[in-house]
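# Summary of structural features
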Amino acid sequence: MSGHANGHAHAHGHGHTDPATARVVLALGPESEQMPDLGIPAARPGRDLADLVEAQARRPGGPDAAGEGAGVVVVPMTFGRAPAMVADCSRTLRDVRGSTDRVRLAPGSVALAAPLGDATMLITRLRAVIRRHGAVCSALVVSRAIDPFADAELYRLARLARQYGQPGLVEVAFHGGDEPDPDLPEGLERVRALGGRRPVVVSATLAPAPVTGLDLPGEGEYLFGPAVLRSVIDTRVREAVHRLDHGDDGIDAALDAEDGHGYAHSHVAADGTVYTHSH
């Protein structure tokens with residue numbers, strides 16, 4: 001990541017920028033489908049995000065030509081299971097930042113925040129939601145299907161959510177997306193076959209836990225309510241504005257977000273050097 005570090009620096013001439021002056025934009029991905037409405041502008045990476053960022057940057061009262069003001073801060077709405085979305089945000093914002101086809105924005109007027117959360121946050125929240133339902137003996141952690149690697153990662157996270165706590169049985173199922181395997185009925189059947197009786201259903205994304213028709217605990221509940229989401233987003237924005245004050249807009253570093261996600265394979269450089277990495 002150091003190779004991309006701070007190629008486009010932005011330093012304010014004054015002390016610290018007020019994070020409250022930032023225009024916040026949420027970058028959407030598979031983990032943010034059906035999330036609560038926070039009243040914050042949001043778009044998927046690509047043209048929609050680029051247009052939205054430019055529109056927000058040009059609203060009256062934004063950063064001036066000298067870069068004064070926090071500008072636009074984009075927060076990727078992922079817990080790390082969709083790193084391709086973060087890399088797509090980087091590519092989108094690199095295009096916005098350096099575009100010659102569009103009217104150029106003021107230097108330092110756009111920053112990419114760290115993702116909403118990570119595996120540790122997700123595990124902690126899964127544990128808390130399961131614990132809130134008290135003496136249930138099993139839990140079914142549900143996500144939309146994303147890709148084979150993101151889906152496999154959910155099994156690891158569910159196992160860690162079970163560690164040192166209750167219940168003793170935590171299973172995984174997928175609801176929506178391409179080729180959910182196991183799907184929701186199969187996940188429920190597995191819990192039943194393992195003696196789990198009535199599991200608590202817990203969403204591992206920002207969507208509400210699915211309704212099964214069995215009136216199970218947890219159905220329809222969000223993993224993060226609107227107030228908690230806003231608080232976490234505010235934290236990510238503050239961090240991003242602080243980094244921007246020190247010359248780091250976070251855009252180039254995020255280009256490497258996909259490294260380690262996917263099958264490992266090799267590239268041969270022009271000089272014959274072999275580089276092995278993952279996507």
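Going by the structure above, here's the rest.
Residues numbered from 1 in each chain as written. Predicted model: local features only at pLDDT ≥ 70, side-chain atom pairs only at ≥ 80, totals over all residues. Heavy atoms only, no water.

Now for the pattern of salt bridges. Inspection of every chain in the model, using the stated rule, returns 12 salt bridges. For Arg-91, the salt bridge is made with Asp-88, and the minimal N-O distance between the two is 2.7 Å. Placement of the pair is Arg-91 and Asp-88 together in helix α2 (residues 83-98), with a separation of 3 residues, close to one helical turn. With a relative accessible area of 36%, Arg-91 lands in the partly exposed category. What makes Asp-88 partly exposed here is its relative accessible area of 32%. A salt bridge links Arg-132 to Glu-221; the nearest nitrogen and oxygen atoms lie 3.1 Å apart. In this pair, Arg-132 sits in helix α3 (residues 119-132) while Glu-221 sits in the loop between β7 (200-203) and α6 (226-245), placing the two residues 89 residues apart along the sequence. (Salt bridge = Lys/Arg side-chain N within 4 Å of Asp/Glu carboxyl O. Helix = DSSP H or I, 4+ residues; strand = E, 2+ residues; numbered from the N terminus. Buried < 20%, exposed > 50% of the residue type's maximum accessible area, 1.4 Å probe, protein only.)

Throughout the structure, instances matching the rule amount to 2 aromatic pairs. Each ring, one from Phe-79 and one from Phe-224, has its centre 5.4 Å from the other, and the planes form 25°; the classification is stacked. Here Phe-79 is found in the loop between β3 (72-76) and α2, whereas its partner Phe-224 is found in the loop between β7 and α6, with 145 residues between them in sequence. What makes Phe-224 buried here is its relative accessible area of 5%. Seen in terms of ring centroids, Tyr-155 and Phe-174 are 6.3 Å apart; in terms of plane orientation they differ by 55°. Their pairing is tilted. In this pair, Tyr-155 is assigned in helix α4 (residues 148-162) and Phe-174 in strand β6 (residues 169-174), connecting sequence segments 19 residues apart. (Phe/Tyr/Trp six-rings, centres within 6.5 Å; stacked < 30°, edge-to-face > 60°.)

With that out of the way, let us pick up the environment of Thr-212. Its location among the elements puts Thr-212 in the loop between β7 and α6. The residues contacting Thr-212, other than those within four sequence positions of it, are Leu-184, Leu-188, Val-201 and Glu-219. Reaching out from Thr-212, the side chain makes a polar contact with the backbone nitrogen of Leu-214 at a distance of 3.0 Å. Looking at Thr-212, its side chain comes within polar contact range of the side chain of Glu-219, at 2.3 Å. (Contact = heavy atoms within 4.5 Å. Polar contact = N/O pair within 3.5 Å; in protein donor to acceptor, adjacent residues only side chain to side chain.)

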